[in-house]
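# Structural overview for review
Here is how the chains run, residue by residue.
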Amino acid sequence: MKDREIIYGVCDKTGSCDSYFGFFKSKEDAIHEVEIQAKRLKECLGMMDIEIKTDRALFGGKLVIVIHQYVLR
């Protein structure tokens, strides 16, 4: 069976509709993007109490950024 490629999408869940900051080939790059976008939310939107986990960021217990994993055909 052929190996399938996996990509990681960094998803913005702050609004009513999900959008993506970007897609990455390595999980490490996606984790780095979560950190960058969490810092941006702190600076631009004043979400100072944002909590960064490995693959997600929470604000007041609500998920605001998460990594989705996709398998490409």
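Structure: see above.
Reference entry: report on the structure contained in this document. From a predicted model like this one, the values you see are computed outputs, not experimental measurements.

About the cut-offs
Counting restarts for each chain, with residues numbered from 1 along the sequence as it is written. Totals for whole chains, interfaces and linings use every residue, but because this is a predicted model, local features are given only for residues with pLDDT of at least 70 and side-chain atom pairs only at 80 or more, for both listing and counting. Processing note: side-chain calculations cover all non-hydrogen atoms of the structure and skip hydrogens and water entirely. By the criteria applied, helices consist of DSSP H or I runs no shorter than four residues and strands consist of E runs no shorter than two, each listed in order from the N terminus. Residue burial is assigned from relative accessible area. The probe radius is 1.4 Å, only protein chains are included, and a residue is buried under 20% of its type maximum, exposed over 50%, and partly exposed in between. Per-residue and other accessible areas were derived by the Shrake-Rupley procedure at a 1.4 Å probe size, with only the shown protein chains allowed to occlude residues. Only four residue types enter the tally: Lys and Arg on the positive side, Asp and Glu on the negative side, with His and both chain ends excluded. Working definition for charges: the position is that of NZ of Lys, CZ of Arg, CG of Asp or CD of Glu. Salt bridges are defined by distance alone: a side-chain nitrogen of Lys or Arg within 4 Å of a carboxyl oxygen of Asp or Glu. In the analysis that follows, any N or O atom pair within 3.5 Å is treated as a polar contact, provided that within protein one partner can donate a hydrogen and the other can accept it, and provided that, for residues neighboring in sequence, both atoms belong to side chains. Contact definition: two residues touch when any of their heavy atoms are within 4.5 Å.

For the rest of this paragraph, the subject is the overall build of the protein chain. Counting its secondary structure elements, the protein chain contains 1 helix and 5 strands. Reading the protein chain from its N end, one meets helices and strands in the order β-β-α-β-β-β. Referenced to the eigenvectors of the C-alpha coordinate spread, the extents of the protein chain come out at roughly 50 × 25 × 20 Å. Put simply, the protein chain has 73 residues, and 32% of those count as buried. Per element, the accessible surface of the protein chain, about 5100 Å² overall, is 51% carbon and sulfur. Counting 12 positive and 12 negative side-chain charges, the protein chain places the centres of these two groups 5 Å from one another.

Further remarks concern the pattern of salt bridges. Pairing between side chains becomes possible if they bear opposite charge and their charged atoms approach one another. For the structure on display, the rule yields 4 salt bridges. A salt bridge links Lys 25 to Glu 5, with the nearest nitrogen and oxygen atoms 3.7 Å apart. Highlighted residues: Lys 25 in the loop between β2 (19–24) and α1 (27–45) and Glu 5 in the segment before β1 (6–12), separated in sequence by 20 residues. With its nearest N and O atoms 3.4 Å apart, the salt bridge here joins Lys 53 to Glu 51. Judged by its relative accessible area of 39%, Lys 53 falls in the partly exposed class. We classify Glu 51 as partly exposed; its relative accessible area is 40%.

Before going further, it helps to spend a moment on the environment of Thr 14. One can find Thr 14 in the loop between β1 and β2. Look at Thr 14 and you get partly exposed, because its relative accessible area is 31%. Taking the C-alpha atoms as reference points, Thr 14 and Phe 59, 45 residues apart in sequence, are found 9.5 Å from one another. Polar side-chain contacts of Thr 14 include one of 2.7 Å to the side chain of Asp 12.

A few words on the side chain of Asp 12. For Asp 12, the position within the fold is in strand β1. Setting aside residues up to four positions removed in sequence, Asp 12 forms contacts with Cys 17, Asp 18, Ser 19, Phe 21 and Val 64.

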